[in-house]
2 protein chains.
Amino acid sequence: MSVRRLALALSLCGATAAIAASPARPQEPITPLAPTKVSAPALVELGKKLFFDPRLSRSGFISCNSCHNLAMGGTDNLKTSIGHNWQEGPINAPTVLNSSLNLAQFWDGRAPDLKAQAGGPIANPGEMASTHVLAVEVIQSIPGYSAEFKQVFGSDKVDIDKITRAIAAFEETLVTPNSRFDQWLKGNKKALNADEVAGYTLFKDSGCVACHNGPAVGGNSFQKMGVVAPYTASSPAEGRSAVTGKDADRFNFKVPTLRNVELTYPYFHDGAATTLKDAVDTMGRIQLGKHFTDAENARIVAFLKTLTGAQPNFKLPILPPSSDATPRPEPFGRK
Amino acid sequence: MSVRRLALALSLCGATAAIAASPARPQEPITPLAPTKVSAPALVELGKKLFFDPRLSRSGFISCNSCHNLAMGGTDNLKTSIGHNWQEGPINAPTVLNSSLNLAQFWDGRAPDLKAQAGGPIANPGEMASTHVLAVEVIQSIPGYSAEFKQVFGSDKVDIDKITRAIAAFEETLVTPNSRFDQWLKGNKKALNADEVAGYTLFKDSGCVACHNGPAVGGNSFQKMGVVAPYTASSPAEGRSAVTGKDADRFNFKVPTLRNVELTYPYFHDGAATTLKDAVDTMGRIQLGKHFTDAENARIVAFLKTLTGAQPNFKLPILPPSSDATPRPEPFGRK
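Computed from a predicted model, the values in this text were never measured in an experiment.

Asks: Got a sec to walk through the state of the cysteines? Specific residues and values, please.
Replies: Residues and elements named next belong to chain B. Enumeration according to the criterion identifies zero disulfides over all chains in this entry. Cys67 forms no disulfide, and the closest cysteine sulfur to it belongs to Cys64, at a distance of 9.2 Å. A relative accessible area of 13% means that Cys67 is categorised as buried.

Below you can see the structure in the form of structure tokens.
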């Protein structure tokens, strides 16, 4: 890659500052993920239960984990998600893994943090289709939860703020350190093979790191989808302009993290790229004006697969049962 | 309860033999659950992954765990289940917990064992809506699975027999020993309070044990729904006659286990009883010709809640990623 093109990519991405020096290896634009320190374990445990609890949806069938499945890289591996009544979602579900590192949540960044994000799908008629009032009523009516809220918050009064705070606290623990790439960054040169190192070099030299940098290898800027060539999306989503109201922000989306990208297929906000090979090819063409050869593409893909870190490692939570007073799910409407 | 009525109940249920002597406490019709001994741990681990894998469904969204949710007593806690394309199922999903103790699987017993059961929902157009051919193709295409099949079966060739054998082996581990009732049965008289013991006495004296007996407190016979008074079901299911073709078997259903019944609401094959109170009331009236007072009902319910045993206790499995060759999910049909 020419210096001119790298400079162009950097200025397009406005990410120069993000490629700041890391203490360990100042020369690398990607830095190792630090393991989470859990400061409030009871809050996290409560949030874990709520994350897995389909009673937060009107149907009693859809939980946070339905679309951000922690057994599958924190995604549903679908082009776009399935919502209440099998509605087809407008956008690809981003991974919840390492999402605490994002500069904002959702593809268009309309939620400033995980807590704000967590309230969205619960009340979205196309997703979990509940309301905050109903969700609170359901959780409040479950004795096992009210006891846990009392323990965690000092009061058994449930509200949506506490529910989303707990879910966000759990999600903050979902970082995936110790990938082979991080081991390599930290000095274990045997952690990658020659192809993978060559792929990383190409990833840097081609300008991918202009946007995909930092500990999450992305997630820290909004960028236009289609810098060099236009992208024809299968999703109606307009991106950041829906939040800012500025036409200049049309088709600007949050750069996704590439951590665990081997697990988070399909790719892009519209889920149109089925394989990593497709995704690398398209990114090269529309963002960098570069056509990777098959061999180059394969090397970059080999590198990307080294970004798979330690996956969630906890016991399936056991949910407290509903009481006789708990509002019942309505998957098929009121009868 | 009169000796005559008990004798009637026993003959109706044909369950005299099942109330056989247990070595520990020969006088009790319910016997403690024995913990599982896992003889093939690698097979069980493979089965656990497959149980949680939504790629066994056409949509990529529904796994065994969707309707037999191990976080919620091995059920979906819905009246009837949600299938592919949000189809409304005809029948209540029975718990998978302790299902290895059932004399047969499904409410009508049409599958002789868990292995035969596991193949059903995968290919049922109203449930997971895949086919055995497609499910095998999907699993075969996933390198992590083929390596595990090789390790477990000595060959990486995937077939539906191996898939269902692994799922069944996992399900056989889902027994829930050490309930407070089992502790009481084994001699710890402090494990139950006076109301709970009174509820158990009433449960026995009223004839409930004629059908709900043995280690699973049920699951070991087919019985007519509506012995003394007719039951008007909201489900079209006809029960055992669908298997035997005999009119005499109409509305005969497998007696459900009452283990963990606190968690497995709503109740009956049509899921029409929302609460344990409802279920006890209806069973008394239509099966035993008995109207329990509120106080009696509450005591029986208190006893039933002591049947909640140790719930599944394992780490969320991490599923191996699809390869580029894996057939993609089709939640919204071919496009």
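Asks: Which residues make up the nonpolar core, and what are the values?
Replies: One finds Leu50(A), Leu70(A), Ile139(A), Leu50(B), Leu70(B), Ile139(B) and Phe149(B) to be the most contacted residues of the largest nonpolar core, which totals 81 residues. Here this core gets six residues from one element, more than from any other, and that element is helix H2 (residues 41-52) of chain A. When residues no more than four places from it in sequence are discounted, the contact partners of Phe149(B) are Leu46(B), Leu50(B), Ile139(B), Gly154(B), Ser155(B), Asp156(B), Lys157(B), Val158(B), Lys162(B) and Ile163(B).

Asks: I'd like a description of the packing of aromatic side chains, backed by residues and values.
Replies: If you walk through the whole model with that rule in mind, you get 28 aromatic pairs over all chains. With a centroid separation of 5.3 Å and 65° between ring planes, the pair formed by Phe51(B) and Phe170(B) is classed as edge-to-face. Placement of Phe51(B) in helix H2 (residues 41-51) and of Phe170(B) in helix H7 (residues 160-172) is noted, with a sequence separation of 119 residues between them. You'll find Phe51(B) and Phe170(B) in the same group, each marked buried. Grouped by ring-pair contacts, the aromatic residues Phe181(A), Trp184(A), Tyr200(A), Phe203(A) and Phe303(A) constitute a single cluster. Over the aromatic face of Phe222(A) sits the side chain of Arg240(A), whose NZ or CZ is 4.2 Å from the ring centroid. A cation over a ring is seen here: Lys189(B) above Trp184(B), with NZ or CZ 3.8 Å from the ring centre.

Asks: Can you lay out helix H5 (residues 132-140) of chain A for me, pointing to particular residues and giving the numbers?
Replies: Residue and element names in this part refer to chain A. What H5 keeps buried is the set Ala135, Val136, Val138 and Ile139. Viewed end-on, H5 has its buried residues packed into an arc of 160°, placing them on one side of the element. Along its buried surface, H5 packs onto H2, helix H4 (114-123), helix H6 (143-153) and helix H7 (160-172).

Asks: I'd like a description of the confidence of the model for chain A, backed by residues and values.
Replies: Summary statistics for chain A give a mean pLDDT of 93 and a share of 92% for residues scoring 70 or more. Segment residues 1-22 of chain A: pLDDT under 50, and 31 contacts once partners within four positions in sequence are set aside and those in other chains are kept.

Asks: Please set out the environment of Leu263(B) residue by residue, giving values where relevant.
Replies: Assignment of secondary structure puts Leu263(B) in the loop between strand S4 (252-254) and helix H11 (276-288). For Leu263(B), a relative accessible area of 9% translates into the label buried. Considered as a pair, Leu263(B) and Met72(B) are 191 residues apart in the sequence and their alpha carbons are 6.4 Å apart. Not counting chain neighbours up to four residues away, the residues in contact with Leu263(B) comprise Pro321(A), Met72(B), Gly73(B), Thr75(B), Asn77(B), Thr308(B) and Gln311(B).

Asks: Quick rundown of the interface of chain B and chain A? Include the residues and the values.
Replies: Taken together, the contact pairs 46 residues of chain B with 46 residues of chain A. Together chain B and chain A conceal approximately 4,000 Å² of surface at their shared face, both sides included; 69% is due to carbon and sulfur atoms. At the junction of chain B and chain A, the tally comes to zero salt bridges. Here chain B is connected to chain A by 14 residue pairs in polar contact (both at pLDDT 80 or more). Breaking the side of chain B that touches chain A down by element, the ones donating at least two residues are helix H3 (64-67), strand S1 (82-83) and strand S2 (87-88) of chain B. Of the residues assigned to the side of chain B that touches chain A, the class counts are 23 nonpolar, 15 polar and eight charged.

Asks: Account for the packing of helix H9 (residues 194-205) of chain A against helix H12 (residues 294-304) of chain A, with residues named and values stated.
Replies: Residues and elements named next belong to chain A. The interhelical angle for the contact between H9 and H12, taken along N-to-C directions, is 105°, at an axis separation of 7 Å. Compared by their axis directions, H9 and H12 come out roughly perpendicular. Of the residues in H12, those touching H9 at Asp195, Glu196, Ala198, Gly199, Tyr200, Leu202 and Phe203 are Glu296, Arg299, Ile300, Ala302, Phe303 and Leu304. Tallied by class, the residues present in the contact of H9 with H12 amount to eight nonpolar, one polar and four charged.

Rules used throughout
- Residues numbered from 1 in each chain as written.
- Chains lettered and ligands numbered in written order.
- Predicted model: local features only at pLDDT ≥ 70, side-chain atom pairs only at ≥ 80, totals over all residues.
- Heavy atoms only, no water.
- Disulfide = S-S within 2.5 Å.
- Buried < 20%, exposed > 50% of the residue type's maximum accessible area, 1.4 Å probe, protein only.
- Core = buried A, V, L, I, M, F, W, Y, C linked by side-chain atoms within 4.5 Å.
- Helix = DSSP H or I, 4+ residues; strand = E, 2+ residues; numbered from the N terminus.
- Contact = heavy atoms within 4.5 Å.
- Phe/Tyr/Trp six-rings, centres within 6.5 Å; stacked < 30°, edge-to-face > 60°.
- Lys NZ or Arg CZ within 6 Å of the ring centre and 35° of its normal.
- Arc of directions from axis to C-beta.
- pLDDT = per-residue confidence, 0-100.
- Buried area = accessible area lost by both parts, 1.4 Å probe.
- Salt bridge = Lys/Arg side-chain N within 4 Å of Asp/Glu carboxyl O.
- Polar contact = N/O pair within 3.5 Å; in protein donor to acceptor, adjacent residues only side chain to side chain.
- Nonpolar A, V, L, I, M, F, W, Y, C, P; charged D, E, K, R; others polar.
- Axes fitted to C-alpha atoms, helices over the stretch in contact; angles between N-to-C directions.
- Parallel < 35°, antiparallel > 145°, perpendicular 65-115°, else oblique.

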